[in-house]
Amino acid sequence: MHFVEKEPSQKRIDFDSKLKSNKILRVPGAYNPLTAKLIEEIGYDAVYVSGGVMANDLGFPDIGLTTLQDVSTRSYLISRVTNLPTIVDIDTGFKSCKETIETFEEFGLTGVHLEDQIERKRCGHLDNKELVSTEAMVSKIKECVAAKKDQNFKIIARSDAKSVEGIDKMIDRCKAYIDAGAEIIFPEALHDEKDFEKVRKELSCYLLANMTEFGKSKLFNYKELENLGYNIVIYPVTTQRLAMKNVEDGLRDIYANGHQNNIIDKMQTRKRLYELVEYEKYNSLDEKIYNFSTEGHE
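These numbers were taken from a predicted model, which means no experiment stands behind them.

**Quick notes on unusual backbone geometry**
Alright, step 1. Of note in this structure, Asn22 is not a glycine but carries a positive phi near 65°.
Alright, step 2. Tracing the chain through its elements places Asn22 in the loop between α1 (8–19) and β1 (25–28).
Alright, step 3. On the basis of relative accessibility, which here comes to 65%, the residue Asn22 falls in the exposed class.

Structure below.
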């Protein structure tokens, strides 16, 4: 129905191949399916679904209030409209790591990342986080690995330990996570070149860098991260922040002035929207019903 050519298994193969290319993968966050289509059209390597974004979109803070159903359903809706691989944030595993992995794999996702905070977690760039033990996290990772059916489905281990225990203990944790079966490590809230270099030197696995705005990490150009030896860079909340700032500004303008005329140039046009949702392709389904043309629409 969505004219997506690639099956989930092929998306996973693609992601695995891209990781082996030694080129950093650029992965923006999608807060809805339409954004995922835009990410693919522009030419990015994959789509990311942030747990924080999912919580915020539901009107919640990112403190572990979302459920497996909340995140898996939205992730499925996002991933099904794109040929790109989709990676999802599963927070601390949603009660049962086995059920969580089975659900996301069945829904066609390419991989997930699991973090080592307690269940009532915090955003990774806030202070006063609490961690589970290394042994507890290792047990969760092993449960995730055992639950997956497709060998190309990726289990990513995120560690929030730097700000709690220091970078050396975080690295020790990450080594244990790799031994447990995590193929990719996500060291959260690193600060600067020194931190990123140290983690790369100490860990022999794929590494994910988080370039979230307004956080603890210096915002690097993706080429700088590639030179530092990182394999994936995510921009988790960027698209939601861009959208919400523009929505807020527009609503305030309409409230103040009583019309939209001042902000028309800030809006996506009807024609551009119809191009993005591939309106005309649906003509092929039944021309008696779907007989639309974007011509004449601005």
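After that view, the rundown keeps rolling.
**What about the packing of aromatic side chains?**
Alright, step 1. Tallied over the full model, the rule gives four aromatic pairs.
Alright, step 2. Considering the side-chain rings of Tyr76 and Phe107, the 5.4 Å spacing of their centres and the 50° angle between planes classify their relative orientation as tilted. Here the residue Tyr76 occupies a position in helix α4 (residues 68–79), and Phe107 occupies one in the loop between α5 (97–106) and β4 (111–115), the gap between them amounting to 31 residues.
Alright, step 3. When the ring of Phe196 is compared with that of Tyr230, the centres are 5.3 Å apart and the planes differ by 70°; the resulting orientation is edge-to-face. In this pair, Phe196 sits in helix α9 (residues 193–202) while Tyr230 sits in the loop between α10 (222–227) and β8 (232–235), placing the two residues 34 residues apart along the sequence.

**Some details on the pattern of salt bridges**
Alright, step 1. In this structure the tally under the stated criterion is 27 salt bridges.
Alright, step 2. Note that Lys129 and Asp160 form a salt bridge whose closest N and O atoms lie 3.2 Å from each other. Placement of Lys129 in the loop between β4 and α6 (134–147) and of Asp160 in the loop between β5 (154–159) and α7 (162–165) is noted, with a sequence separation of 31 residues between them. Judged on exposure class, the residue Lys129 and its partner Asp160 are both buried.
Alright, step 3. Ionic pairing is found between Arg241 and Glu213, a salt bridge with its closest N-O pair at 2.6 Å. With Arg241 in helix α11 (residues 238–257) and Glu213 in the loop between β7 (206–210) and α10, the pair connects residues that are 28 residues apart, well separated along the chain.

**A look at the sheet that holds β1**
Alright, step 1. Read from one edge to the other, the open sheet built from eight strands follows the order β1-β8-β7-β6-β5-β4-β3-β2, with strand pairing classed as parallel. Only two strands of the sheet have a single neighbouring strand rather than two, namely β1 and β2 (47–49). Each neighbouring strand pair of the sheet contributes to a mean axis angle of 25°, computed without reference to strand direction.
Alright, step 2. Across the sheet, α4 lies against β2 and β3 (86–89), angled at about 165° from β3, the strand it touches most.

**Remarks on the environment of Leu34**
Alright, step 1. Tracing the backbone through its elements, the reader meets Leu34 in helix α2 (residues 33–42).
Alright, step 2. Note: C-alpha distance between Leu34 and Arg173 (139 residues apart in sequence) is 37 Å.
Alright, step 3. What Leu34 contacts, discounting residues up to four positions off in sequence, is Leu273, Leu276 and Val277.

**Some details on the packing of α4 against α5**
Alright, step 1. Running from N to C, α4 and α5 point in directions that differ by 20°, and their axes come no closer than 10 Å. Viewed along their axes, α4 and α5 adopt a mutual orientation that is roughly parallel. Crossing hand, α4 versus α5: right-handed. Between α4, through Leu68, Val71, Ser72 and Ser75, and α5, the contact on the second element is made entirely by Glu99, Thr100, Thr103 and Phe104.
Alright, step 2. The residue inventory of the contact of α4 with α5, partitioned by class, reads three nonpolar, four polar and one charged.

Definitions and cut-offs
Residues numbered from 1 in each chain as written. Predicted model: local features only at pLDDT ≥ 70, side-chain atom pairs only at ≥ 80, totals over all residues. Heavy atoms only, no water. Helix = DSSP H or I, 4+ residues; strand = E, 2+ residues; numbered from the N terminus. Buried < 20%, exposed > 50% of the residue type's maximum accessible area, 1.4 Å probe, protein only. Phe/Tyr/Trp six-rings, centres within 6.5 Å; stacked < 30°, edge-to-face > 60°. Salt bridge = Lys/Arg side-chain N within 4 Å of Asp/Glu carboxyl O. Pairing = 2+ DSSP bridges. Axes fitted to C-alpha atoms, helices over the stretch in contact; angles between N-to-C directions. Contact = heavy atoms within 4.5 Å. Parallel < 35°, antiparallel > 145°, perpendicular 65-115°, else oblique. Left-handed = near helix turned anticlockwise from the far one by under 90°. Nonpolar A, V, L, I, M, F, W, Y, C, P; charged D, E, K, R; others polar.

Function cannot be read off these values alone, since they describe shape.
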